[in-house]
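If you want the building blocks of each chain, they are given just below.
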Amino acid sequence: MSIDSVLREAQRTIPECIASGVIDLNSGMLLAVKTVDSHPQEVLDMLAAATGDLFQGDNVVSIERTFKRIRGVSDDDHHYFQEIVIFSDNLLHVFQRCKRRTDTIFVTVCRKKANVGMVLVRARGLIDSIERSI
């Protein structure tokens, strides 16, 4: 299945989904996006940069290093932050790190009235498809 097909599936199956996308943290690029509305490229570019900050910001990296040291984890590729959920005024934003491609983030944006549990379950169910499509 292509990445565009997976993102269409996300919009079809994730409750109140208005946008979904895939971000590569290594390059800082938005690899694919599917929205119900058009958005300026500037906003989409900022999404990729902000996602990088969420998962690779200096403080996040410091926290992960501290957890690794305290817990005796020597795997440099292991990350403690797997999912980040943000509630804005009108929307629910879910950022999920892929399991095997840990520098790939699946982003889902839903209307705030969406059931958070269902959004997480459905989005988690698409992670493997996202990884296979890249």
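See the structure above.
Residues numbered from 1 in each chain as written. Predicted model: local features only at pLDDT ≥ 70, side-chain atom pairs only at ≥ 80, totals over all residues. Heavy atoms only, no water.

In this section: the nonpolar core. Formed by 20 residues in total, the largest nonpolar core has its most connected members in L7, I14, F106, C110, V119 and I130. Counting residues per element, the ones that place at least two in this core are helix 1 (3-13), strand 1 (17-24), strand 4 (91-97), strand 5 (104-111), helix 4 (116-124) and helix 5 (127-133). It is helix 1 that contributes the most residues to this core, four residues altogether. Judged by nonpolar contacts, the second largest core, of eleven residues, contains A19, I23, F95 and V107. (Core = buried A, V, L, I, M, F, W, Y, C linked by side-chain atoms within 4.5 Å. Buried < 20%, exposed > 50% of the residue type's maximum accessible area, 1.4 Å probe, protein only. Helix = DSSP H or I, 4+ residues; strand = E, 2+ residues; numbered from the N terminus.)

Tallied over the entire structure, the rule returns six salt bridges. In this structure, E83 engages R124 in a salt bridge whose closest nitrogen and oxygen atoms are separated by 2.6 Å. With E83 in strand 3 (residues 83-87) and R124 in helix 4, the pair connects residues that are 41 residues apart, well separated along the chain. Classification of E83 by relative accessible area gives partly exposed; the value is 30%. Here E131 ties to R100 by a salt bridge, and the two come within 3.0 Å at their closest N and O atoms. Separated by 31 residues along the polypeptide, E131 in helix 5 and R100 in the loop between strand 4 and strand 5 bring together distant segments of the chain. On the basis of relative accessibility, which here comes to 58%, the residue R100 falls in the exposed class. (Salt bridge = Lys/Arg side-chain N within 4 Å of Asp/Glu carboxyl O.)

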